[in-house]
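Summary of the model geometry
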Amino acid sequence: MATVELRFSAQPEHVRTARLVAAAVARRAGVDEAVLDEVRLAVGEACSRAVGLHRSHGITAPVRVVLTEDEKNFSIEVGDGVTGTGGGGTGAAGGAASDAPEGASSGDLYDGDAEGEDEMGLAVISGLVDDVEVTTGDDGGVIRMSWPTTTAVTLS
């Protein structure tokens, strides 16, 4: 299993670099050429979301992007440093932080505009990626996305 890890400061201008790296590693891993645009867009949305969360919460830790290639699929994890319900949610993309009941801590963490942007970003990602999972833990939120590789498709 090959892994590439990228960490960058939460600046919007670094999102493009993450997209380029993700597309290059996905291509090398054997992701179908027709899907590479979706990989780029999904990584861009996930990284933009993480940058926005870091900036709105004053987090100085870097955004983490882990690209992993195994026999049958290629996965990308984009991690933010927002702990609790504000950094994501649990389960599929539909289980985002906005599903928290009124008065929950996610509403206290960022304003309605940021929450709306967060929901929109997760909706775009779930529309681009069939296999997506959004989780939150003590280390922050993680969006995990995966795509089959062409070797997995030909072996199946």
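A brief structural summary. If you're wondering where the values come from, they're calculated on a predicted model, not measured in any experiment.

**Structural notes on the nonpolar core**
Counting residues in each nonpolar core, the largest one holds 33 residues, and the members touching the most others are Phe74, Ile76, Val78 and Met145. At the level of elements, strand S1 (2-8), helix H1 (15-29), helix H2 (36-57), strand S2 (63-69), strand S3 (73-79), helix H4 (112-128), strand S4 (131-137) and strand S5 (140-148) are the ones that each hand at least two residues to this core. In terms of residue count, H2 provides more of this core than any other element does, eight residues in total. Discounting chain neighbours no more than four positions away, the residues touching phenylalanine 74 are Ala22, Val25, Ala26, Ala29, Val31, Leu67, Thr68, Glu69, Met145, Ser146, Trp147 and Thr149.

**Describing H1**
If you check H1, its first and last C-alpha atoms are 21 Å apart, about what 15 residues at 1.5 Å a residue would give, namely 21 Å. Of the residues making up H1, those classed as buried are Val15, Ala18, Ala22, Ala23, Val25, Ala26 and Ala29. On its buried side, H1 packs onto S1, H2, S2 and S3.

Thresholds applied
Residues numbered from 1 in each chain as written. Predicted model: local features only at pLDDT ≥ 70, side-chain atom pairs only at ≥ 80, totals over all residues. Heavy atoms only, no water. Core = buried A, V, L, I, M, F, W, Y, C linked by side-chain atoms within 4.5 Å. Buried < 20%, exposed > 50% of the residue type's maximum accessible area, 1.4 Å probe, protein only. Helix = DSSP H or I, 4+ residues; strand = E, 2+ residues; numbered from the N terminus. Contact = heavy atoms within 4.5 Å. Expected span 1.5 Å × (residues − 1).

Spatial relationships are all this shows, so hold off on functional conclusions.
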